[in-house]
Amino acid sequence: MLRNASTQILKQFVRHRTTDTSLILERSINKVQLLGRVGQDPVMRQVEGRNPVTIFSMATNEMWRSGEGEPTTTGDVTQKTTWHRISVFKPGLRDVAYQYVKKGSRILVEGKLDYGEYMDKNNVRRQATTIIADNIVFLSENLRDQ
């Protein structure tokens, strides 16, 4: 209830106090959920003057049957693997991920998409897509292996 009241006050403040008519606060969502397997053990990196980050890769798979456009239980099964770069900045989660996430572990990652650019070693501008993890769920099958 307090949250709704605060939101209404903020909306009224922005609506009445701004001279920029194009400024309208809208709610948006940047949410990603990935269920898959870890491709490499995590590494922790720290750039001077910045907080450390734990980074690892994760694979997700899609499978489908190829057919003549009609639902069928016959046909070849095709599989596509997509690799994702996961970055963990959140202090507690960053340390847990570094310590417990292992290559081959099946995990659920929740977070948001982030797009960025960097210069490679040949001075070529590259684009990178990263998942910024807010939560990692370790599935029970991983606990049996420990």
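Along each chain, the written sequence defines residue order, and numbers are assigned to residues from 1. Per-residue local features are limited, in this predicted model, to residues with pLDDT of at least 70; the limit for side-chain atom pairs, both in listing and counting, is 80 or more; totals at the level of whole chains, interfaces and linings are taken over all residues. Only heavy atoms go into the side-chain values, all of them from the structure, while hydrogens and water stay out.

Under an unreviewed UniProt entry, the name given to the protein chain is Single-stranded DNA-binding protein, mitochondrial, and the source organism is Culter alburnus. UniProt positions are given in the numbering used here, feature names are shortened, and annotations may be inferred rather than shown by experiment. Under the UniProt heading Subcellular location (unreviewed entry), the entry covering the protein chain gives this text: "Mitochondrion matrix, Mitochondrion nucleoid".

## Quick notes on the side chain of Asp-120
By the secondary structure assignment, Asp-120 is in the loop between strand S5 (106-119) and strand S6 (125-138). For Asp-120, a relative accessible area of 16% puts it in the buried group. Under the rule applied, a polar contact is a pair of N or O atoms within 3.5 Å (in protein, one hydrogen donor and one hydrogen acceptor; residues adjacent in sequence only if both atoms are side-chain atoms). Of the polar contacts made by the side chain of Asp-120, one reaches the backbone nitrogen of Asn-122; its length is 2.9 Å. In terms of polar contacts, Asp-120 uses its side chain to reach the side chain of Arg-126, at 3.0 Å. A helix here means a DSSP run of H or I that spans at least four residues, while a strand means a run of E at least two residues long, and both kinds are numbered starting from the N terminus. Burial status follows relative accessibility: with a 1.4 Å probe on protein chains alone, a residue under 20% of its type maximum counts as buried, one over 50% as exposed, and anything between as partly exposed.

## Observations regarding helix H2 (residues 91-100)
Taken as a whole, H2 has its buried residues at Leu-93, Arg-94 and Ala-97. An end-on view of H2 places all buried positions within 105° of arc, on one side of the element. Any pair of residues with heavy atoms lying within 4.5 Å of one another is described as a contacting pair. Elements that come into contact with the buried residues of H2 comprise strand S2 (43-45), strand S3 (53-65), strand S4 (77-88) and S6. Directions drawn from the helix axis to the C-beta atoms are what define this arc.

## A look at the environment of Leu-34
Structurally, Leu-34 is set in strand S1 (residues 32-38). For Leu-34, a relative accessible area of 10% puts it in the buried group. What Leu-34 contacts, discounting residues up to four positions off in sequence, is Met-58, Thr-60, His-84, Ile-86, Ile-107, Leu-108, Val-109 and Ile-131.

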